Amino acid sequence: MASTVKLADYLFGRLRQLGVGAIHGVPGDYNLTLLDHVEPSGLQWVGNANELNAAYAADGYARIKSLGALVTTFGVGELSAINAIAGAYTERAAVVHIVGTPPRSSQDSRLLIHHTFNDGEYRRFAQMHAQVTVAQTRLWDPRTGPQQIDDVLRQCLRHSRPVYIEIPVDLVSALVPGEALQVPIQVEYPAADLVPELEAILHDIIKRIQTAKQPVILVDGEIRAMGIIGEVQQVVDITAWPTWTSAFGKGLLNETVPNFHGVYQGSYDTPAVHAFVQEADLVLFFGPHLSSTNTYAFSSIPPAEATISFTDTEVKIGAKTFRDVPAKVITSLLVERLDPSLLKRYDPYPALPRDYKLSFSDVDGGKQLAQNKLWRVLASFLRPGDIILGETGTAGYGVREMPLPRHARLFTPVTWLSIGYMLPGAQGAALAQRELVELSQYFELQNARTVLFIGDGSFQMTAQELATIIRLNLNVVIFLINNDGYTIERCIHGRQQGYNDVSPWWYLLAPSFFGAKEGTYTGRASTWAELSKILDDKKVADGEGLKMIELVVGREDAPQGPLLQMLGKQKARSES
């Protein structure tokens, strides 16, 4: 390896070493020379419709491949992206935001140039990003640039949150030492004997596990960021205890095992499920993410006195908190020491409901589609390895009802709930999925797809990214729920108000407008019989590239059950 490399090549070389295969973003005058180094570094340049979409896409990519990256220009570009970066921070997606900035001479001289506030102050944009990233660095000296890059990337991986890197245009080609590239960046965990009280904590946990009379397992979405999906799955398999996830956690576990019971909905769940969890004398709670929207208005948070929770570096046993205990370390040891012969065995197993599918024999073919059954019917369309995205709105709640096949992943609204995220997110996720398939790192599967469920209002937010999906020839199936506006908002407030309306589009003309080749599949269904015919078409299930299906439902149609109950209570509180 050369003793010196250009700073841009060092940065992109590190990203490639860490598994990044593509860079999202938008060109701008302060990043153009930086972009000259993307493809020579072995990376694909995606090129998105705008910076917000690019950051959404990098987030979706990161949730599948563990790390994503985007490049924007200074000021206007980075501020366009910052909403998506904030969402990645909130929901723990490891995104590297690289910003091309004006030359150091301009910044030192406080020149009143474009993309600034015209006051000579260049640091405000970085200050804004400091609120939504876990680490930031301003490359300014070639001698320290490689170490700065490595330190920030390590923080990105360790915390699974976005980071921010500024690179002035005059530093792009600066020569820097290249020796460090020979040593890959790794996130190391402390040896077990260096973790205070680890043995005592493990002893307490195992004692509680072995004496439990009605134990359950609750799994939340931060286990992905914590890197313990495999360990948690092993606990679920070894114990065979009743297991639920949060909405954030759905799709991270094997949902085909008999002790998996879907998303726990707290007080909005069935009385039998809610009582069973509330009466449990032990709840193993992995990766809690306790926002109101992820916990069904906080009602799915288990009783503290019965709960052992595992976060990044803390274990809580009842009222006691033990700090500086890495989740990866303690869960690995827990799996090693679990003795199935000493665990509670449910015999007979409790009669707890599981997610289920419906077939077209369960609906009247001549009737209009309705979301009280739609999601369980559509579940039969899914196959192993699919990535399923349900946009904020009725789709985001509907997909929670779907039993998932093995190795499927689910994106659903969690906390940030930025409407429009899922379409660019699907582009990023589908690209990451294809890269893993090409590398033979995708569960030995070759025909997995990305399946997006999105409402008409949400689609209008970020529709331009359909062009990127088409240009990259990604295998994406889009089901567009046409319910004539923001139905989710109507459920909350303004049932008849015009502000919840959207302009009527001819949605199925969108693929051709955005450049899809002739013959790209589009279809429209308003009845069950029409939907059945569409799903029976092999072009939909097995064809490559984009497929788009418009599903017409009633203006006020929504999934039944917890969604309407919860939103109804929210509306009552807001109007009281």
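For every chain, the first residue of its written sequence is number 1, and the numbers climb from 1 along that sequence. Per-residue local features are limited, in this predicted model, to residues with pLDDT of at least 70; the limit for side-chain atom pairs, both in listing and counting, is 80 or more; totals at the level of whole chains, interfaces and linings are taken over all residues. Side-chain metrics in this entry use all non-hydrogen atoms of the structure; hydrogen atoms and water are not considered.

Side note on the nonpolar core
No. 1: What makes a nonpolar core is a set of buried Ala, Val, Leu, Ile, Met, Phe, Trp, Tyr and Cys residues whose side-chain atoms join them at distances within 4.5 Å. Accessibility here uses a 1.4 Å probe with only protein chains present; expressed as a share of the type maximum, an area under 20% marks a residue as buried, one over 50% as exposed, and anything in between as partly exposed. Within the largest apolar cluster, 88 residues are counted, with the highest numbers of intra-cluster contacts made by Phe12, Leu15, Ile23, Val96, Ile98, Phe459 and Ile478.
No. 2: With 9 residues, the single largest contributor to this core is helix H15 (residues 422-438).
No. 3: Should any heavy atoms of two residues lie within 4.5 Å, those residues are considered in contact. In contact with Val96, other than residues within four places in its own chain, are Leu15, Leu67, Gly68, Ala69, Leu70, Leu153, Cys156, Val163 and Ile165.
No. 4: Of all hydrophobic cores here, the second largest spans 50 residues; its members include Val216, Ile228, Leu252 and Val277. Secondary structure follows DSSP: runs of H or I at least 4 residues long count as helices, runs of E at least 2 residues long count as strands, and numbering of each begins at the N terminus.

Regarding the packing of aromatic side chains
No. 1: The rule is short: rings of Phe, Tyr and Trp, with Trp giving its six-membered ring, pair when the centres are within 6.5 Å, and they are stacked under 30 degrees, edge-to-face over 60, tilted in between. Counted under the stated rule, the structure contains 19 aromatic pairs.
No. 2: Think of it as a cone above the ring: NZ of Lys or CZ of Arg counts as a charge over the ring if it is within 6 Å of the ring centre and within 35 degrees of the ring normal. Directly above the ring of Tyr346 sits Lys344, whose terminal nitrogen or CZ lies 5.2 Å from the centroid.
No. 3: Above the plane of the ring of Phe381 lies Arg449, whose end atom (NZ or CZ) is 4.3 Å from the centre.

Observations regarding the sheet that holds strand E17 (residues 409-411)
No. 1: Pairing between two strands requires that DSSP report at least two bridges joining them. On the basis of which strands lie adjacent, the open sheet formed by 6 strands has the order E17-E16-E18-E19-E21-E20 and parallel pairing. Edge positions in the sheet fall to E17 and strand E20 (521-525), since each has one partner strand and no second. Mean inter-strand twist for the sheet, computed between neighbouring axes without regard to direction, equals 15°.
No. 2: One ladder, built from 6 bridges, connects strand E19 (residues 476-482) with strand E21 (residues 547-552); its direction is parallel. Bridged to Ile478 within E21 is Met548.
No. 3: Axis definition: a line fit to C-alpha positions, over the contact stretch in the case of helices; interaxial angles, taken between N-to-C directions, run 0 to 180 degrees. Contacts from helix H3 (residues 51-65) reach strand E16 (387-390) and E17, with the element oriented near 150° to E17.
No. 4: Strands in contact with helix H13 (residues 371-378) are strand E18 (450-455), E19 and E21; relative to E19, the strand with the most contacts, it is inclined by about 170°.

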